[in-house]
Amino acid sequence: MSDTILDIRNATKRFGGLTAVNEVSFTVRRGELLGIAGPNGSGKSTLFNILTRIPFGPTSGEVWFDGQRIDRMAAHRIAAMGLSRTFQKDVEFPDLTACETVGVAATYGKGLSRRDLRDAAEAALDLVEFDPGRRAMPTTDLSVYQRKQLMIASALVMDPRVLMLDEPASGLTRPEISVLEALLLKINATGITVILIEHVLSLLMAVSERLVVLNQGALLAEGPPSDVMKNPAVIEAYLGTRAA
Ligand SMILES: Nc1ncnc2c1ncn2[C@@H]1O[C@H](COP(=O)(O)OP(=O)(O)OP(=O)(O)O)[C@@H](O)[C@H]1O
Ligand SMILES: [Mg+2]
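Residues numbered from 1 in each chain as written. Chains lettered and ligands numbered in written order. Predicted model: local features only at pLDDT ≥ 70, side-chain atom pairs only at ≥ 80, totals over all residues. Heavy atoms only, no water.

(A) Structural detail: the pattern of salt bridges. Scanning all chains against the criterion turns up 15 salt bridges. With a closest N to O distance of 3.6 Å, Arg9 and Glu62 form a salt bridge. Linking Arg9 in strand β1 (residues 4–15) with Glu62 in strand β4 (residues 60–65), this pair joins segments that are 53 residues apart in sequence. Overall, Glu62 belongs to the partly exposed group, its relative accessible area being 23%. Between Arg210 and Glu222 there is a salt bridge; the shortest N-O distance is 2.9 Å. Taken together, the positions of Arg210 in strand β9 (residues 210–215) and Glu222 in strand β10 (residues 218–223) put the pair 12 residues apart, joining distant regions of the chain. Looking at Arg210, the relative accessible area reads 9%, which means it is buried. (Salt bridge = Lys/Arg side-chain N within 4 Å of Asp/Glu carboxyl O. Helix = DSSP H or I, 4+ residues; strand = E, 2+ residues; numbered from the N terminus. Buried < 20%, exposed > 50% of the residue type's maximum accessible area, 1.4 Å probe, protein only.)

Here it is in structure tokens:
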């Protein structure tokens, strides 16, 4: 079995005259926790869109998932193969309970019975340590952290081999970010490869084995987090000033 689970080759996404992701190539190792950093608008979320084809694939370039080319595949097939994502903006169904919300996600790409859906939803909610007393509540009554748990559970219920998280720490308090940090490490320790986009650099540095930095759609740096964050080009991209 190859060590590489994802191989992104010259991925490019254009919106009219704007190149949001520009010839980006890197690989993701099986089982690793890879962090993705970059200033606002650098193409991080677009990269997740390209990989999952939710809602669109690349303009050009190739994506290989566990030895299979997926950049022309239907999004639900990619999800069923085990590539699952969360979104930067919380997505919720106001009329559904927490458990039903995760159950809806489980219907995507899988033909489960109603009972199996419920069991799958409960298992995913257990994994993210969602309060059992709140699972029958409407999602509108949940806190910000509980909504994040719900979103992560909705991605986990697909039984992914690769879990991609887009800024899960945004809007959370410091103590909540610490809880999220432990949760991400726990999920990764179950054998799920994790790709984490995050602006909260303390979290990114704490959990990532490797970092990829994007800037203006291009790959700016890649490597061990402490090395990458010392890279003058990365400092300049973040602070907008040349490093001394
Ligand atoms: N659907 C779209 N149509 C047109 N332009 C888009 C679309 N999605 C993203 N863009 C543009 O592509 C560029 C990259 O956006 P993207 O959302 O990938 O950045 P990001 O790194 O995720 O930023 P942030 O940290 O703010 O979430 C931006 O200039 C953005 O305006
Ligand atoms: Mg984004």
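(B) Focus on unusual backbone geometry. Note the cis peptide between Ile54 and Pro55, where omega equals 0°. Secondary-structure assignment places Pro55 in the loop between α1 (44–52) and β4. One non-glycine residue, Arg53, adopts positive backbone phi at about 60°. The backbone of Glu129 shows a phi angle near 60°, a positive value even though the residue is not glycine. We classify Glu129 as exposed; its relative accessible area is 52%.

(C) Quick peek at the coordination of the magnesium ion (ligand 2). For the magnesium ion (ligand 2), the protein coordination sphere consists of Ser45 (OG) and Gln88 (OE1), at 2.0 to 2.2 Å. In this pair, Ser45 is assigned in helix α1 and Gln88 in the loop between β6 (83–85) and α3 (98–106), connecting sequence segments 43 residues apart. Classification of Ser45 as partly exposed rests on a relative accessible area of 22%. (Donors = N, O, S within 2.8 Å, 3.2 Å for Na, K, Ca; no water.)

(D) Fine view of the pairing of β4. Here β1 pairs with β4 via five bridges, running antiparallel. Among the inter-strand pairings, Ile8 is bridged to a residue of β4, identified as Val63. Bridge count between β4 and strand β5 (residues 68–69): two bridges; the pairing is antiparallel. Its bridge partner being in β5, Trp64 is matched across the sheet by Arg69. The turn joining β4 and β5, which pair antiparallel and follow one another in sequence, is formed by two residues; a positive phi near 50° is taken by Asp66. (Pairing = 2+ DSSP bridges.)

(E) Quick look at the sheet that holds β9. One open sheet holds the six strands; their spatial order is β6-β7-β8-β3-β9-β10, and the pairing between them is mixed. At either end of the open sheet lies a strand with only one pairing partner, and these are β6 and β10. Going across the sheet, the axis of each strand differs from the next one's by a mean of 20°, ignoring polarity. Judged from the five bridges that link them, strand β7 (residues 162–166) and strand β8 (residues 193–197) form a sheet pairing that is parallel. When the sheet's bridge partners are listed, Asp166 is paired in β8 with Ile197. On the sheet, helix α5 (residues 144–156) packs against β6 and β7 and is oriented at approximately 155° with respect to β7. Across the sheet, helix α6 (residues 174–189) touches β3 (33–37), β7 and β8, and the angle it forms with β8 is around 150°. (Axes fitted to C-alpha atoms, helices over the stretch in contact; angles between N-to-C directions. Contact = heavy atoms within 4.5 Å.)

(F) Structural context of the domain arrangement of the protein. Assigned domains within the protein: domain 1 (1–82 + 160–244) and domain 2 (89–159). Between the C-alpha centres of domain 1 and domain 2 the distance comes to 24 Å. Across the domain 1 to domain 2 interface the summed buried area is about 1500 Å²; carbon plus sulfur atoms make up 72%. For domain 1, the biggest contributors to the area lost against domain 2 are Pro160, Leu183 and Lys186; these three give 30% of the whole. Measuring nitrogen to oxygen at the nearest pair gives 2.5 Å for the salt bridge that ties Lys186 to Glu129. The tally of links between domain 1 and domain 2 comes to four residue pairs in polar contact (both at pLDDT 80 or more). Sort the elements by how many residues they give to the side of domain 1 that touches domain 2 and α6 lands first, with six residues. Its residues placed into classes, the side of domain 1 that touches domain 2 shows 14 nonpolar, four polar and four charged. (Domains from an automatic or database assignment. Buried area = accessible area lost by both parts, 1.4 Å probe. Polar contact = N/O pair within 3.5 Å; in protein donor to acceptor, adjacent residues only side chain to side chain. Nonpolar A, V, L, I, M, F, W, Y, C, P; charged D, E, K, R; others polar.)

(G) Layout of the nonpolar core. Core analysis: the largest hydrophobic core is formed by 43 residues, its most contacted members being Val102, Ile152, Leu156, Leu163, Leu180, Ile187 and Leu203. Ranked by residue count, the leading element in this core is α5, at six residues. Looking at which domains feed residues into this core, each of domain 1 (1–82 + 160–244) and domain 2 (89–159) supplies at least three. The contacts of Ile187, once residues within four sequence positions are left out, are Ile152, Leu156, Leu163, Ile192 and Val194. Core analysis: the next-biggest nonpolar cluster, separate from the first, contains 27 residues, Ile36, Leu47, Phe65 and Met73 among them. (Core = buried A, V, L, I, M, F, W, Y, C linked by side-chain atoms within 4.5 Å.)

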